[in-house]
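Coordinates in review
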Amino acid sequence: MHHFIVIGNPISHSKSPAIHAAFACSVGLDISYNRQFCPNDFGSFKAVIEAFFHGGGVGANVTLPFKEMAFDICQEVGTLSKYAKNAGAVNTLAIKGGKLYGDNTDGRGLVADLVGRGVDLHDKTVAILGAGGATRGAILPLIQSSAVVSVFNRTLAKAQTLAQEFATQGITINAHGLDELTGHFDVIINATSATTTGQSLDLGGVSTDVAYDMMYGKPSAFLEHFNTAKQIDGMGMLINQARLSFELWTGRAVDLDKVVLDL
Ligand code: ATR
């Protein structure tokens, strides 16, 4: 029996246990995967991580508000994947070579979902709205898929800082204010927190073939706005980031067509 947890605050509504149980079932593995609440402070989070792995835990997912803390702990005592380094955040913890290892599967989960839905990203124009952690994690996987990435953020300076940071790693992205969003993009991704907070976004006159909202489970004014485009919510990203974590931990490939999920 392999033991896994997802750590968050709040955590009671996390769908990760159901998703991972379905993956395990599809490959014939016996696992336990539980929700772990944690007080929102660094000391408590570190104590939970240490106790879990010292107790024989195999892998942990990390969700809000702990992704940056997990990054800091791995930087301090462990190692980080290039995706985690790039994102400045960790959503997947494991033990590798006797040390804590932090990865970030969110951005690759997004790209895998797009590709799985037949969206070609090669040389395609992708606009990402927002310049927070969600955007940061998506950039490297999108660039690796040969997309041309433009970030549009309400606060222009934040988008520009992000572009400068990526430029130092040889990654080119275009930075704009959200008020400059115009013309046509092959894909537009909403990585702002506007859907979560129920706020509307000023989407001006821009058009797209594919509208992707990283959020799920709530009505999205963003998706509704693009009613002639292919509309995708973040459920597939959630499932694919989980799949990539599961594959890292277990070494087993998951065929999503064989996974029975009732979320
Ligand atoms: P996350 O880590 O989930 O990406 P975040 O770091 O809080 O969350 O970033 C949220 C992003 O959503 C920010 O880019 C924010 O824009 P600002 O940098 O200008 O604050 C963006 N955002 C939130 N609400 C928004 C709204 N109503 N309209 C436009 N952008 C919004």
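This is a predicted model, so every value here is computed, not measured.

Rules used in this analysis
- Note on numbering: residues in each chain are counted from 1, in written sequence order.
- For this predicted model, a pLDDT threshold of at least 70 governs which residues receive local features, and a threshold of 80 or more governs which side-chain atom pairs are given and counted, while totals over whole chains, interfaces and linings are taken from all residues.
- Side-chain measures were taken over the full set of non-hydrogen atoms in the model, leaving aside hydrogen atoms and water.
- UniProt positions are given in the numbering used here, feature names are shortened, and annotations may be inferred rather than shown by experiment.
- Secondary structure is summarised from DSSP: a helix means a run of H or I of at least four residues, a strand means a run of E of at least two, and numbering begins at the N terminus for each.
- In this analysis, two residues are considered to be in contact whenever any of their non-hydrogen atoms come within 4.5 Å of each other.
- Strand pairing requires that DSSP identify at least two bridges connecting the strands.
- Helix axes are fitted to C-alpha atoms over the stretch in contact, other axes to C-alpha atoms as well, and angles between N-to-C directions run from 0 to 180 degrees.
- The cut-offs for exposure are 20% and 50% of the maximum accessible area for each residue type, with area from a 1.4 Å probe on protein chains only; residues under the lower value are buried, those over the upper are exposed, and the others partly exposed.
- Looking down the strands as they point away from you, a crossover is right-handed if its path from the first strand over the helix to the second goes clockwise.
- A molecule or strand has a residue near it when one of that residue's heavy atoms lies within 4 Å.
- Amino acids outside the nonpolar list (Ala, Val, Leu, Ile, Met, Phe, Trp, Tyr, Cys, Pro) and the charged list (Asp, Glu, Lys, Arg) are all regarded as polar, and Gly is one of them.
- Domain delimitation in this document rests on an assignment produced automatically or drawn from a domain database.
- Put simply, buried area is the surface a 1.4 Å probe can reach on two separate parts but cannot reach once they are joined, added for both.
- What makes a salt bridge here is a side-chain nitrogen of Lys or Arg within 4 Å of a carboxyl oxygen of Asp or Glu, nothing more.

Regarding the UniProt feature "active site" (unreviewed entry) in the protein chain
Under the present numbering, the feature "active site" (unreviewed entry) in UniProt falls on Lys67. Structurally, the position occupied by Lys67 is in helix α3 (residues 67-77). Sequence-distant contacts of Lys67, defined by excluding residues within four places in its chain, comprise Val62, Ala89, Val90, Asn91 and Asp106.

Observations regarding the sheet that holds strand β9 (residues 174-177)
If you walk across this open sheet you meet the six strands as β9-β8-β7-β10-β11-β12, and the pairing is parallel. At either margin of the open sheet sits one strand with a lone partner, and together these are β9 and β12 (230-232). Adjacent strand axes in the sheet meet at a mean angle of 20 degrees when their direction is disregarded. In this sheet, β12 lies alongside strand β11 (residues 207-213) in parallel orientation, the contact comprising three bridges. Paired with Tyr212 across the bridge in β12 is Ile232. Contacts between helix α6 (residues 133-144) and the sheet are confined to β7 (125-129), β8 (148-153) and β10 (184-190), with β7 contributing the most and set at about 170 degrees to the helix.

A word on unusual backbone geometry
Each neighbour pair has its own omega, and for Asn9 with Pro10 the value is 5 degrees, a cis peptide bond. By the element assignment, Pro10 lies in the loop between β1 (2-8) and α1 (16-27). At the junction of Leu64 and Pro65, the peptide bond is cis and its omega measures out at 0 degrees in the coordinates. Counting through the fold element by element, Pro65 comes out in the loop between β3 (59-62) and α3. Even without glycine at this site, Asp123 takes up a positive phi of about 60 degrees. Residue classification places Asp123 among the exposed positions, given a relative accessible area of 56%. For Ser146, which is not a glycine, the phi torsion comes out positive at approximately 65 degrees. Classification of Ser146 by relative accessible area gives partly exposed; the value is 27%.

Digging into the pairing of β8
On a regular strand, each side chain points to the face opposite its neighbour's, so the side chains alternate between the two faces of the sheet. Across the six residues that make up β8, a large majority, five, are buried. In this sheet, β8 lies alongside β7 in parallel orientation, the contact comprising five bridges. Paired with Ile128 across the strands is Val151, a residue of β8. Where β8 lies against β9, four bridges are found, and the strand directions are parallel. The residue bridging Phe152 from the neighbouring strand is His176, located in β9. After leaving β8, the chain enters helix α7 (residues 156-167) and then returns to the sheet as β9, a path that is right-handed.

Topic: the site of the ligand
If you check the shell around the ligand, you find 16 residues, and the closest are Ala131, Asn153, Arg154, Thr155 and Gln199. Across the shell around the ligand, the residue classes tally to five nonpolar, nine polar and two charged.

Observations regarding the domain arrangement of the protein chain
Taken domain by domain, the protein chain consists of domain 1 (2-103 + 237-258) and domain 2 (107-232). A C-alpha centroid distance of 25 Å is found between domain 1 and domain 2. In this complex, domain 1 contributes 13 residues to the contact, which on the side of domain 2 involves 16 residues. Buried area between domain 1 and domain 2, summed over both chains or domains, comes out near 1,300 Å², and the portion from carbon and sulfur atoms is 60%. Of all residues in domain 1, Tyr83, Asn86 and Met237 give up the largest surface area on contact with domain 2, accounting jointly for 54% of the area buried on that side. With a closest N to O distance of 2.8 Å, Asp103 and Arg108 form a salt bridge.

Digging into the sheet that holds β1
Pairing in this open sheet of six strands is mixed, and the strands run β2-β1-β3-β5-β6-β4 from one edge to the other. Each end of this open sheet is capped by a strand with a single partner; those strands are β2 (31-37) and β4 (79-80). For β1 and β3, the ladder comprises four bridges, and the chain directions are parallel. Bridging across to β3, Ile5 finds its partner in Ala60. Here α1 sits on the sheet in contact with β1, β2 and β3, set at roughly 170 degrees to β2. The strands touched by α3 within the sheet are β3, β4, β5 (92-96) and β6 (99-103), with β6 carrying the most contacts at an inclination of about 140 degrees.

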